[in-house]
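Observations on the model geometry
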Amino acid sequence: MPEAGFDADVLVIGGGPGGSTAAWDLARKGVDVLLLDGAAFPRVKLCAGWITPQILEALELVPETYPNTISAFTSAVLWVGDKPYRTDYQQPVSYGIIRAEFDHYLLDRAREAGTRFVNEDVKTVASEREAFTVTTRAGNTFRAPLAIGAGGSKDPIRRKLTEHVSEERMVVTLESETEVGADTIRAHTPYYEVPELFLEPDFKGYAWYFTKGDFLNIGIGRLGDPRIRDHHPRFLQHLRDLGRLTPELEERLTKFKGHPYKVYDHVPNQAHGDRFLLIGDAAGLARHYSGEGIRPAVESARDAAEVARTALQRGTFSAAALTAYPEQLTERYGPQKAPVFDPSAWIPHSWQARLVQGICRNDRLRRDWVFGKVFLFDPEAAVS
C-alpha cells in the first residue's frame with residue numbers, strides 16, 4: 001500500500017516497452033505502481049519492430065513461448081548502391097515483432113504483476129517538494145513519491161521539467177507497416193523474413209524493407225535531417241525499380257507516418273530530477289548509428305526500477321538515491337562528451353564514402369562492424 005496522501009508508490013507515464021517493463025519489474029517485487037497512457041491498446045506504434053536477443057534477455061522473454069508474431073532472422077541483407085550484400089548466421093541474431101502486439105503483451109504482463117492501468121492522457125506534471133503530481137485530461141489527479149517518464153520524445157516530464165539545448169540531434173523517420181499476407185510478400189521479394197537495409201547515398205541514415213510473417217514494414221530514418229520527405233520518394237522509387245513495390249501492393253500500404261527522437265551522443269541528456277526518472281526515448285537513449293530505441297528503453301527501465309526500489313526503501317523516499325541512475329546510464333552507454341579526435345571533420349566526404357562502402361562490401365567487416373557493432377548481432381554466430 002502507498003503512504004498516506006499518495007495514490008501509488010510510483011507513477012509511470014507511458015505504456016510502451018519501457019514503461020510497461022519498469023511497471024512490471026516494480027510491481028512483481030511489491031511496489032504499488034500506477035501506469036498512465038491515453039492510448040487504447042493494442043495500438044499502432046511507429047517502429048521497424050526489429051529486436052535482438054539482448055532485448056529478450058532484458059525482458060526475460062523466450063521466443064518459443066511468446067504468443068504473438070515473432071520472426072527469427074538468421075540472415076540480413078545490406079544494400080550498397082544497387083548491389084545487395086548478404087550475411088548469414090548459424091542461429092537467430094534478431095527477431096521481427098509487431099509493435100501493436102508486443103506492446104500490448106508487455107502491458108498485460110505488467111497488469112498481471114499488479115500494475116494499475118489508467119487509460120487517460122496526461123495533461124500536466126509537477127515535481128513538488130512533497131510529491132510528484134500528475135493531472136489527466138479527464139480531470140483526475142494522482143500523487144506519488146516518484147514518477148518514471150516513459151512517454152518517448154514527447155514525454156510530458158521531458159518537455160516540461162527538463163532543459164534542452166539547440167545542439168540536440170534527432171533521428172527522423174517515416175514508416176509504414178501493413179498486414180498484406182505472407183504469399184503476397186514472397187511474390188515481391190526473394191528475401192522473405194530476411195531484413196533488408198538500404199544505405200542512404202550520403203550515409204546519413206538508412207532505409208529498410210522488413211518482412212515479418214504476414215506483415216510488411218517499410219521505412220526510412222535519417223539523423224538530424226528534418227527534410228526526410230524529400231528523401232522518402234527516392235527510396236520508394238528504388239523499391240519500385242527492384243520490384244519490391246508494385247502498384248497493387250503500394251495501394252494497400254498504410255499511410256507513412258513519421259516521428260523524431262533524440263540519439264545518445266555527445267549532447268548531454270537530463271535523465272532524472274528530484275522526484276522523477278526518465279527512460280528510453282524520454283531520456284534520449286536511442287543508439288547513435290542504428291537509431292535502435294527498444295533495447296535502451298527496456299534496459300533503462302530495469303535500471304530505473306532498481307533505483308526506484310532503493311529510493312523507496314524503508315517507507316521513506318530518498319531523492320539522493322536517484323543520483324545513482326545517471327551513473328548507471330553512463331556505465332552502460334558511455335560518457336556523453338564530444339570525441340577528442342573526429343576524423344569526419346577533416347577527411348573529405350568522398351573519401352569517407354569510399355571507406356564506408358569498402359567496409360560494407362567486405363564480408364568480415366560487414367559482419368563484425370556493421371552488423372556486429374552497429375546492429376549488435378553476435379559475430380560469432382555468422383556462417384564462416
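So, here is what we can say about the structure in this document.

What counts as what
Residues numbered from 1 in each chain as written. Predicted model: local features only at pLDDT ≥ 70, side-chain atom pairs only at ≥ 80, totals over all residues. Heavy atoms only, no water. Axes fitted to C-alpha atoms, helices over the stretch in contact; angles between N-to-C directions. Helix = DSSP H or I, 4+ residues; strand = E, 2+ residues; numbered from the N terminus. Parallel < 35°, antiparallel > 145°, perpendicular 65-115°, else oblique. Contact = heavy atoms within 4.5 Å. Nonpolar A, V, L, I, M, F, W, Y, C, P; charged D, E, K, R; others polar. 1 Å grid on protein atoms, 1.4 Å probe; cavity = no way out; pocket = protein on both sides within 12 Å on 5 of 7 lines; lining within 4 Å. Points joined across faces, edges and corners; volume = space filled by probe spheres on them. Phe/Tyr/Trp six-rings, centres within 6.5 Å; stacked < 30°, edge-to-face > 60°. Buried < 20%, exposed > 50% of the residue type's maximum accessible area, 1.4 Å probe, protein only. Pairing = 2+ DSSP bridges.

Attention now moves to the packing of helix α10 (residues 349–361) against helix α11 (residues 363–374). α11 packs onto α10 with a crossing angle of 100° between their chain directions and a minimal axis gap of 5 Å. Classified by the angle between their axes, α10 and α11 sit roughly perpendicular to one another. Between α10 and α11, the contacting residues are Ile359, Cys360 and Arg361 on the first element and Asp363, Leu365, Arg366, Trp369 and Val370 on the second. Residue composition of the contact of α10 with α11, by class: five nonpolar, no polar and three charged.

Further remarks concern empty space enclosed by the protein. Inspection of the entire model under this criterion finds one cavity of 30 Å³ or more. Taken as a whole, the largest cavity spans an internal volume of roughly 40 Å³. Along its surface, the largest cavity is lined by Arg158, Thr162, Glu163, His164, Glu168, Pro268, Asn269, Gln270, Leu278, Ala282 and Ala283. Tallied by class, the residues present in the lining of the largest cavity amount to four nonpolar, four polar and three charged.

Any aromatic ring pair is given by two values, namely how distant the centres are and how the planes are angled relative to each other. Inspection of every chain in the model, using the stated rule, returns 13 aromatic pairs. Plain terms: the ring middles of Tyr206 and Phe375 are 5.5 Å apart, the flat faces sit at 80° to each other, and that makes the pair edge-to-face. Here the residue Tyr206 occupies a position in strand β15 (residues 205–212), and Phe375 occupies one in the segment after α11, the gap between them amounting to 169 residues. Using a relative accessible area of 16% as the deciding quantity, one classes Tyr206 as buried. What makes Phe375 buried here is its relative accessible area of 10%.

In spatial order, the strands read β8-β2-β1-β12-β19-β18; together these six strands make up an open sheet with mixed pairing. Looking along the sheet, the strands with just one partner apiece sit at the ends: β8 (116–118) and β18 (272–273). One ladder, built from three bridges, connects strand β2 (residues 33–36) with β8; its direction is parallel. Note that in β8 the partner of Leu36 across the bridge is Val118.

The next subject is the environment of Leu242. For Leu242, the position within the fold is in helix α6 (residues 228–242). Residue Leu242 is classed as partly exposed on the basis of its relative accessible area of 27%. When the C-alpha atoms of Leu242 and Thr52 are compared, they prove to be 28 Å apart, with 190 residues separating the residues in sequence. Leaving out residues up to four positions away in the same chain, Leu242 has contacts with Trp79 and Phe198.

Function-wise, these values are silent; they only describe arrangement.
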